Number of protein chains: 4
Amino acid sequence: MGNVRLAVIGAGRIGRVHAENASFRVPGAEVVAVADVMRSAAEACAARVRAQKATDRIEEVLADHSVDAVVIASSTDTHARLIAEAARSGKHVFCEKPIDLDLEKIDAAIAEVKRAGVLFQVGFNRRFDPSFQKARELVQAGKVGEPQLLRITSRDPKPPPIDYVKVSGGLFADMTIHDFDVARWMMGDEVEELFAFSGNLVDPAIREVGDIDTAVVSLRYGSGALGSIDNSRRAVYGYDVRVEVFGSDGVVQVGNLPPSTVTVGGVGGYRSDGPLFWFIERFEQAYVNELRHFVDCVSKGIAPSVGAADGRAPVLLARAASRSLAERRPLKVER
Amino acid sequence: MGNVRLAVIGAGRIGRVHAENASFRVPGAEVVAVADVMRSAAEACAARVRAQKATDRIEEVLADHSVDAVVIASSTDTHARLIAEAARSGKHVFCEKPIDLDLEKIDAAIAEVKRAGVLFQVGFNRRFDPSFQKARELVQAGKVGEPQLLRITSRDPKPPPIDYVKVSGGLFADMTIHDFDVARWMMGDEVEELFAFSGNLVDPAIREVGDIDTAVVSLRYGSGALGSIDNSRRAVYGYDVRVEVFGSDGVVQVGNLPPSTVTVGGVGGYRSDGPLFWFIERFEQAYVNELRHFVDCVSKGIAPSVGAADGRAPVLLARAASRSLAERRPLKVER
Amino acid sequence: MGNVRLAVIGAGRIGRVHAENASFRVPGAEVVAVADVMRSAAEACAARVRAQKATDRIEEVLADHSVDAVVIASSTDTHARLIAEAARSGKHVFCEKPIDLDLEKIDAAIAEVKRAGVLFQVGFNRRFDPSFQKARELVQAGKVGEPQLLRITSRDPKPPPIDYVKVSGGLFADMTIHDFDVARWMMGDEVEELFAFSGNLVDPAIREVGDIDTAVVSLRYGSGALGSIDNSRRAVYGYDVRVEVFGSDGVVQVGNLPPSTVTVGGVGGYRSDGPLFWFIERFEQAYVNELRHFVDCVSKGIAPSVGAADGRAPVLLARAASRSLAERRPLKVER
Amino acid sequence: MGNVRLAVIGAGRIGRVHAENASFRVPGAEVVAVADVMRSAAEACAARVRAQKATDRIEEVLADHSVDAVVIASSTDTHARLIAEAARSGKHVFCEKPIDLDLEKIDAAIAEVKRAGVLFQVGFNRRFDPSFQKARELVQAGKVGEPQLLRITSRDPKPPPIDYVKVSGGLFADMTIHDFDVARWMMGDEVEELFAFSGNLVDPAIREVGDIDTAVVSLRYGSGALGSIDNSRRAVYGYDVRVEVFGSDGVVQVGNLPPSTVTVGGVGGYRSDGPLFWFIERFEQAYVNELRHFVDCVSKGIAPSVGAADGRAPVLLARAASRSLAERRPLKVER
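Residues numbered from 1 in each chain as written. Chains lettered and ligands numbered in written order. Predicted model: local features only at pLDDT ≥ 70, side-chain atom pairs only at ≥ 80, totals over all residues. Heavy atoms only, no water.

1. Quick look at the pattern of salt bridges
Threshold: We define a salt bridge as a contact between a side-chain nitrogen of Lys or Arg and a carboxyl oxygen of Asp or Glu at a distance within 4 Å. Secondary structure follows DSSP: runs of H or I at least 4 residues long count as helices, runs of E at least 2 residues long count as strands, and numbering of each begins at the N terminus. Each residue gets one of three labels from its accessible area relative to the maximum for its type: buried under 20%, exposed over 50%, partly exposed in between, using a 1.4 Å probe on protein chains only.
All chains considered together, the criterion is met by 136 salt bridges over all chains. Between Asp296 of chain A and Lys300 of chain A there is a salt bridge, and its shortest N-O distance comes to 3.1 Å. One end of the pair is Asp296 of chain A and the other is Lys300 of chain A, both in helix H11 (residues 284–300) and four residues apart, which spans about a single turn. Since its relative accessible area comes to 31%, Asp296 of chain A is described here as partly exposed. A salt bridge links Arg81 of chain C to Glu85 of chain C; its shortest N-O distance comes to 3.5 Å. One end of the pair is Arg81 of chain C and the other is Glu85 of chain C, both in helix H4 (residues 76–88) and four residues apart, which spans about a single turn. Bridged by salt links that share partners, the residues Arg151 and Glu244 of chain A together with Arg155, Asp230, Asp240 and Arg242 of chain B form one connected network.

Now the structure itself:
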C-alpha cells in the first residue's frame, strides 16, 4: 500500500508540529495539503514540509479525493464541525483535544464519524508518551496489584494569554482535561464521583474573565479507588506533569523529563535541571507516536486506541468538576 | 544548672525509644524513673537506661519531688488524665500525640497545664525531622513564595493489629493526625474547610470494626491555598511519607529516607532501596531532636514550639474529616 | 541561499541515521544522493529519504557538481581516502569518527582538506549531546573553578561482532577514542601523559584476535589536572556513558539517559530504567545536532567546531594508550 | 555475662565519638575509664559518658584489671606502641586506623597481639557503614557477577591543618588508606599492581611540606579486574565518598548521604543537599556499628571481622602508591 496522504488543518503551533512529524518522522505518511484560515501560515507550513498544496479554503482539502485523512489542529471551537465535515467527506480524522466543550456538539460530531464509518482518533498526548505508556502497561499488567490511589500533578509553566483563557472553556476543560483522560486511562476504571476546590492565586486577570487558576480535584472510582489531581497555571520551575498509581502490590510513578542529565555540585548543594519547558518539548515524542499510531491504524483499517468515547468522557468529568465548584459539593459524573 | 530529671510513663515501644534517647542522646537530661502498669516492663526499661526507679505506680513518680518532668508514652486513653495529674504535681509534660480524641478532655487537660504553669510539648515527630524542618524553614523564609498547594502522601507499611484499630479513634485521628499537623505547620496557615473521600481497600476486618483504611482529604486554607492528603494503611514497598509545598516562586519536596544509598544496575534496570520500614526508623533522629528541644525548653524555662494549641488543632481537623465522610459534603473546620 | 545539498556515502546503520536526520530534521539541508558499495542499500536509503540518486559508484557522487557536501559514513578504512577525494572534488566533508587509525593517512587526508579549502567536521557525537554540551559550557564558564579531576565511565552494552573487532583498530581506537575526545574537550586542556591497564574479562574471542575488552586509563594534563577513564565492552544493564569534571569550585556530572522516567516501588524497593540501549538511541539528538551544526557552517562558510585537529588528537591518545600497555609504563603523548 | 568494660585512650574528637557510642549506643558495653595526655580532656569526656575514671596516665588504665578492652583513639604515632602494651596487659584492642605507617612497627604490634591472644580490630569505618555493607554483601552474593571494575571517589571537604599534614604520613597513608581498604574488601581480592598520578592543586602549603593533595591511582587485581581511585583534599560541595563495583552481571553503586531529603524547585531548576559535611557525620552509624561489632566479638570471644591482616594490607598499598609516584612507573604490591 502507498503512503497515507494527510491534510493538516490549522497551521498554528501545534498544527506545524503535526505537519512536520507527519512528513518527516512517520514512516508511511505524507502531508499533501495544509489548510489554514491564514493563507500565509498554510503556505509557510506547506513549504516546510514539502506539501504540494496550501490553502485557506478547508473545503478544498475535504473535496480532494487524494486525501486519505485529516489532522485537525485548528481552534477548539471549529473541531466538532470539521470532524463532521471531514467524516462526511470520507476522510479519517485525527483531532486535537478536546472535541468540543459542548456535549451535544461532541455527540453530533461522533455520530457523523460513526455514520461515515471513518476512523477517528483524539489527540491526548500523554497516551503516547513513553513514560506514561510504560506506567500504564505496568498497571495493566498488574504490577502494582489492584489500583487504590491515583495522584496527578499537572502545572503549567505560565498562564496562557488572557484572550485565550476567555475562550478556553475554563481550566477544567482546557487543562485538567488531560488529567481527567489520564485518570481514566491509567486506572482502567471510570470516575464515579468527584469534588473540586479551586483558587485564584496566580493572576487576578483570570478571575476577572471568570476562570480559576488553581485547583484540587478529588476522585472516587467505581472500584472504590480514590484519586487526587492538583493544577496550577503557573509553576515557575517549569511544566510539572507527574502521575502516580498506588495499589495493593506497589506503586508506579511517572516523573518529569529534564532537558539534560547534568548535575552540578557546589557550595550550596547539588543542582539539576527543572522539567522541559512545556508540552511541545515534554511531549515531543508523544506527538510523533500518536501520529504514527493514527497512520498505522489508517493503513491497516483498524480503530485507533483513543477514539470517540475517550474524547467524550473527560469532557463529562470537566463538567462535573465545574458543577462541583458551583454547588460546593461532591457530584456524581454523568455518563 | 543540673540535669533535667525525667520520668518516663509507659515502657512500651515508643516509651522505650524516649527513655533511651533521653538517657543517652539528650545532653542535660537523665531518666530517674520509669513507670508502667506492667512492672516488669518498667524494670527492664529502667535497667536499660540505668534509671534508679522502676514502678507500676504512676502516682509514686508524680509525688517524687526530684522529678522535673514527665514523658507520657502510655496508651492514648490515659494521656489527658496523666497530663492533668502531672501538671497538678508541678511536672513539665512531654506527651505523645494525640492528647486525646475527645475535645472536652483535651481542653480540660490543657486547662490544668495552664493553671499549673508547667511547660507542655506534644510529640509530633515530623516537626523535629531534619528534612521536614528544612522544608518548613524554606517555606517560612519565602523560598517558594506564597504557598498555594500542599500535597501530603502518608502511607503505612501495614495496618496495625485489629485490636489497636478498634481503640485507635479511626484513621483520621490515629494516622492522618500527623498529616493534619504537618498541613498547618508547613503552610503556616489554618485549614478552613475540608472534604474527605474514604475507602476500605486494604483489609475487610478494618471495615468490620467501623474504620476505613484508605483516604483522600482535600483542604482549603484561609489564604485560599489548597491541599490534598492521601493515606493508605498498607504500602507494600514501605512507609511512604512525603510532603510538597508549591508556591508562587517554586516548590519544596520532602522525600522518603532509604536505609542505604545503594543502587544496583542489572538486566532489568536500576534498583534502589524502598523507604525505611516505619516511623521508629524513619523518625529516629526526630525522636531524639524532640526530646532535646523539650529538655532545652525545660532547662531554660521557655515554652516548647509545639504546645497545647498544636495538640488540639489537628484533632479538630480529624473530627471535621470524619463528619465530612458521614455527611458526604465539604465541612468548615471548628476552632 | 538554497538548501545545502548533501550526498551520504555509506548506507549502513549510522549512514541511514545521518541520511534521515539530514533529510527530515535539519532545516536547510537536503539529501540528493546516497552511495553505498551495496547498491540495494543505497537505493533503500535513498527511497526512505526521498533522495533523487542512489548509486554504488562513489565517484559519481563526487563528480556531481550539484552536491555541496558529503557525509562519510562508510567503513573506517575508507574514511581517509574518501575525505581526500571529496576535498579534491571541492566538497565540504562531514566524516564519522575516526578519520583513520594511521597517523600518516590522517595527516594526508587533513592536508588535502586544507589544500582544497573545504570545510571539515568529524563526527564525535558527544560534542553535540545536550547534556555533554551543558556540562562543557558550565566548565568553560568556570562554574566548577579550575578543573582538577576528570572521570569518564564508558561501557558498551555488548561487544561488537568479532569480525568487526578484528578490523576495529582495537578498543582504544574504536571505543575509548570518544572518551579521549571528551577528555580533551571537557577539560579544555591537552593530556600530557597517560597510563593504561587492560583486561580480557568479557569474551575470550576478543583476546584471541589480539584485542582487549576492559581498560582503565589514567591521564595527566598539562595543567596538572588528572583523569581516569574506565571501559568495558559489556555492561549488562545497558550503555553506560558518564562523565564528571571536578574542580576547585565544584563538580559537574553527566548521567545516563533512561528510556522513561518511570519508577516502580514494590516489596524489593524501587526500580527504574537502565540507560538507553546504545549510541543510536542515547545520542539520537546529538546526531541531529551535529548535522545541523555542519549544515549551518556550510551555509555560512565558517569552520565547524570539531575539525581536523580534533579528529587527529584522540588518535594520538589511543596510540599512546596502546604503547603504554605494551611497554607497561606511563607514556608522554606525542603531538 | 556482664558488660564489656572499656577504656578509651585518646579523648580528641574521634575518641569522644567512640566514648559516647560505647557508653550510650552499644548495648553490653560501658566505658569505665578515659585516658588522655591532656588530663582536662580525659575528665571532660569521662564526665560526659559517666565513666568512673579519668587520667593522663595511660599505664594506669592498662594496669586496671577491671578493664576488658581498650579503644585506641590517640594520635597515629602512638598506635603501635599502645597496641603492644595493651596486648601485653591482656586487654582486647580496638584501634583507629592506621596501625602505623611503618611496616616493622605494624608487624611488631601484630606479633604482640598474637602472642597475647587478645582480640584485635582496626577501625576502618566504611566496613560498618550500612550502604557500604549492603554493597559488599551484594557483590559477595554474586549479584554483579564476576567483579571486573572498581571505581572509588573519595574527596575531603577541606584539607586538614598543615601541622596535621606534616605528620599524617601523606595523602596515601592518611586518606587513601580507607580506599585501599575498601578496594580489597569490596572486590574480595588483592591488588597486585598499581600506578599513581598525583597533583598539588589544592594548597601550595601541602606541597611545601612534601605532600600531595590530588591523586588518581589505578589498580590491577590478581583476578585481572581493574580499578581506579580518585582523591582530592578539597571538594567544596562536601565530603564525597562513592564506590562502584562493575561486574559481568551488573553494577552496584554506593552514593553519598545527604543531611536531608529535601528538593527545591525554582527558576533555575532543582536543588538538593550536598553530602554530609565529613566523616563524623557521614559515618556516624558506622562508628556505632563498628564498636557494637567489637563489643559483640569480645563478649563472645570471637575474632573481629577486620583484624590485623586488614590493618596491615592497606599500608602496603599506600607504600606502593608512594613508590609508584617516586619511580613514575607501575609497581607490584608487596605482601
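2. Structural notes on the relation of the copies chain C and chain D
Cut-off, in case you're wondering: Least-squares superposition aligns the copies on the C-alpha atoms of those residues with pLDDT at or above 70 in both. Any pair of residues with heavy atoms lying within 4.5 Å of one another is described as a contacting pair.
Relative to chain D, chain C is turned by 180 degrees and slid 0.0 Å along the rotation axis, the superposed coordinates differing by an RMSD of 0.0 Å. The two molecules are tied by a two-fold rotation axis, judged by turn and shift. Among all residues of chain C, the minimum C-alpha distance to the rotation axis is found for Arg329 of chain C, at 2.8 Å. The fraction of interface residues of chain C whose copies in chain D are also interface residues reaches 100%, indicating that both copies meet through the same surface.

3. Description of the interface of chain C and chain D
We count it as follows: Joining two parts hides part of their accessible area as seen by a 1.4 Å probe, and the buried area is that hidden amount summed over both.
Taken together, the contacts link 46 residues of chain C with 47 residues of chain D. Across the chain C/chain D interface, buried area totals approximately 3300 Å², and carbon plus sulfur atoms make up 61% of it. Ranking the residues of chain C by area buried against chain D places Arg151, Phe197 and Leu201 of chain C at the top, with a combined share of 21%. Along the contact surface separating chain C from chain D lie eight salt bridges.

4. A look at the interface of chain D and chain A
The following threshold applies: Charged residues are taken to be Asp, Glu, Lys and Arg, nonpolar residues to be Ala, Val, Leu, Ile, Met, Phe, Trp, Tyr, Cys and Pro, and polar residues to be all remaining types, Gly included. Only strands that DSSP links by at least two bridges are regarded as paired with each other.
The interface is formed by 14 residues belonging to chain D together with 14 residues belonging to chain A. Surface buried jointly by chain D and chain A totals about 1100 Å² across both partners, of which 49% is contributed by carbon and sulfur atoms. The largest share of the area that chain D buries against chain A comes from Tyr237, Tyr270 and Arg271 of chain D, three residues that together contribute 50% of it. Our count for the chain D to chain A interface comes out at zero salt bridges. Breaking the side of chain D that touches chain A down by element, the ones donating at least two residues are strand E13 (262–266) and strand E14 (269–272) of chain D. Considering each element in turn, the side of chain D that touches chain A owes the most residues, four residues, to E14 of chain D. The class makeup of the residues in the side of chain D that touches chain A is five nonpolar, seven polar and two charged. Alignment of strand E14 (residues 269–272) of chain A against E14 of chain D, held across three bridges, turns out to be antiparallel. From the neighbouring strand, Ser272 of chain A faces E14 of chain D, where its bridge partner is Tyr270 of chain D.

From the geometry alone we can't say anything about function, so treat these as descriptive.
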